[in-house]
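So you can see what is in the structure, the chains are spelled out below.
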Amino acid sequence: MDTIGIALIGSGYIAHYHARGLAELPDVKVPVLCSLDGKAAEEFAGKYDIEEVTDQINSLLGREDIHAVVIATPNKYHAPYAMEFMKNGIDVFVEKPMAVSALQGKEMIEFARKNNRILMVGHMWRFDAEVNYVRDLVQSGKLGEILKTKGYGIHVNWGPSGWFVDKDLAGGGALADMGVHAIDTVRYILGDPQPKEVYAKISTSFGDYDVDDTGIVMITWDTEAVSIIESGWWHPHTDGPEAGTQLFGTLGYASLFPTFWEKKKGDDLEKIVPDMPERKEHCDQVIYSRQMKHFIECLRNHTSPLSGMIQGQTVLRIVDAAYESARTGKVVKL
Ligand SMILES: NC(=O)c1ccc[n+]([C@@H]2O[C@H](COP(=O)([O-])OP(=O)(O)OC[C@H]3O[C@@H](n4cnc5c(N)ncnc54)[C@H](O)[C@@H]3O)[C@@H](O)[C@H]2O)c1
């Protein structure tokens, strides 16, 4: 496979990041865009030198020039599209959340295994320099044993509209949109522990829609560390940029966004602020570009992605458990 052909599905907000990421890579071509956006899709294709535009998803099957797809559609279509492509021998990158339920995620994993396909999920924070700095810190043991973490994904005085606030298309609200990032980020930093118990309070408090915009989730990992995750849209305040994580260990404390750490030294704390590359935006293009680069490397070498199907489905298991806990008022054991 000299030149890798990728079909892009969706031409909305996040598809631009993927198109830019793919355009930076040698020997990668996007021959076709599939979108329902009409004229806007034509403009998108023009901008990134994509020769063809279609609104017929099935026309992407059976083409010699398509080795993989990037699915950047509303969440409802992630699983059915991914499974159809994998069944037809095509590798898949799918945006987060991987699917609208853990069960769907499990089916996708079975399809990937049965058809020997790569299935990568867009948990792009795994490719961020600051996230990796904090992860290395935790994994090196400098913070000691991690006892608790606090993380969030919250939009202040802003929230999405359209399909994002339609349960049928999105599967869930702020937890499925923002909370999934916070869950996967802390799980990655902690070395991918398994969730044991989930307890949550989730509500719709800021808008007239059938999805959640406010959530607090408590996860107990198999390491016995406990993570609190907050998700939200339209909140009046949050602790920093739209996402952040704090980790509390027996030997020290670390903060991701802003990124620094504090080491216990007797009665004192020494603060260390690392030199990190400047960010143009909180969700910087460079994260998405590295994510696409990794996807292409996995395609070329047929290796498992860092943000793979197991990682994506584990987040969904936690999200499903959180919704169940919020509904029943009980702790859900996984
Ligand atoms: N990782 C991130 O930082 C991040 C950020 C934003 C969105 N996302 C995820 O990306 C996905 C897309 O979000 P977005 O903000 O780009 O949405 P969007 O509304 O901006 O774009 C959605 C695109 O999907 C297309 N589409 C809709 N239904 C389709 C169908 N049935 N078949 C083919 N195409 C279809 C639309 O035409 C549109 O181009 C979602 O899963 C979302 O959760 C991830």
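For the structure itself, look to the data block above.
Residues numbered from 1 in each chain as written. Predicted model: local features only at pLDDT ≥ 70, side-chain atom pairs only at ≥ 80, totals over all residues. Heavy atoms only, no water.

(A) Examining the sheet that holds strand 14 (residues 268-272) more closely. An order of 14-13-12-11-7-10-9-8-15 is seen for the nine strands of this open sheet, with the pairing classed as mixed. Taken across any chain shown, the strands that pair with only one partner, and hence form the sheet edges, are strand 14 and strand 15 (332-333). Relative to strand 10 (residues 226-235), strand 7 (residues 146-156) runs parallel, the two being bridged by eight bridges. Along strand 10, the bridge assignment pairs Val156 with His235. Across the face of the sheet, helix 5 (residues 129-139) comes into contact with strand 7, strand 11 (243-249), strand 12 (252-256), strand 13 (260-265) and strand 14 while running at roughly 165 degrees to strand 12. Against the sheet, helix 9 (residues 309-328) makes contact with strand 8 (195-203), strand 9 (214-221) and strand 15, and its axis sits at roughly 55 degrees relative to strand 8, the strand it touches most. (Pairing = 2+ DSSP bridges. Helix = DSSP H or I, 4+ residues; strand = E, 2+ residues; numbered from the N terminus. Contact = heavy atoms within 4.5 Å. Axes fitted to C-alpha atoms, helices over the stretch in contact; angles between N-to-C directions.)

(B) Local environment of the pairing of strand 2 (residues 28-34). With respect to burial, strand 2 is a largely interior element, six of its seven residues being buried. Where strand 1 (residues 4-9) lies against strand 2, five bridges are found, and the strand directions are parallel. Pairing of Gly5 across the sheet is with Lys29, part of strand 2. Where the polypeptide runs from strand 1 across helix 1 (residues 13-23) and back to strand 2, its parallel neighbour, the crossover connection is right-handed. As judged from the three bridges shared by strand 2 and strand 3 (residues 52-54), these two strands associate in the parallel manner. The partner of Leu33 across the bridge, within strand 3, is Val53. (Buried < 20%, exposed > 50% of the residue type's maximum accessible area, 1.4 Å probe, protein only. Right-handed = clockwise from strand over helix to strand, strands pointing away.)

(C) Examining the sheet that holds strand 1 more closely. Ordered in space as 3-2-1-4-5-6, the six strands form an open sheet in which the pairing is parallel. Taken across any chain shown, the strands that pair with only one partner, and hence form the sheet edges, are strand 3 and strand 6 (119-121). Neighbour-to-neighbour, the strand axes of this sheet turn through a mean angle of 25 degrees, independent of strand direction. In the packing of helix 1 onto the sheet, contacts are made with strand 1, strand 2, strand 4 (68-71) and strand 5 (91-94), and the angle to strand 1 comes to roughly 165 degrees.

(D) Structural detail: helix 3 (residues 78-87). Taken residue by residue, helix 3 has His78, Ala79, Ala82, Met83, Phe85 and Met86 as its buried positions. Taken around the axis of helix 3, the buried residues stretch over an arc of 165 degrees, which confines them to a single face. In this fold, the buried residues of helix 3 make contact with strand 1, strand 4, strand 5, helix 4 (102-114) and strand 6. Where helix 3 terminates, the next one or two residues include Gly89, which has phi positive at roughly 80 degrees. (Arc of directions from axis to C-beta.)

(E) Fine view of the pattern of salt bridges. Enumeration over the complete set of coordinates arrives at 19 salt bridges. A salt bridge links Asp192 to Arg187; the shortest N-O distance between them is 3.3 Å. For Arg187, a relative accessible area of 2% gives the class buried. Between Glu270 and Lys263 there is a salt bridge; the shortest N-O distance is 3.8 Å. A relative accessible area of 29% places Glu270 in the partly exposed class. Here Lys263 falls in the partly exposed class, since its relative accessible area comes to 28%. Because the salt bridges share partners, they merge into one network encompassing Arg126, Asp184, Arg187 and Asp192. (Salt bridge = Lys/Arg side-chain N within 4 Å of Asp/Glu carboxyl O.)

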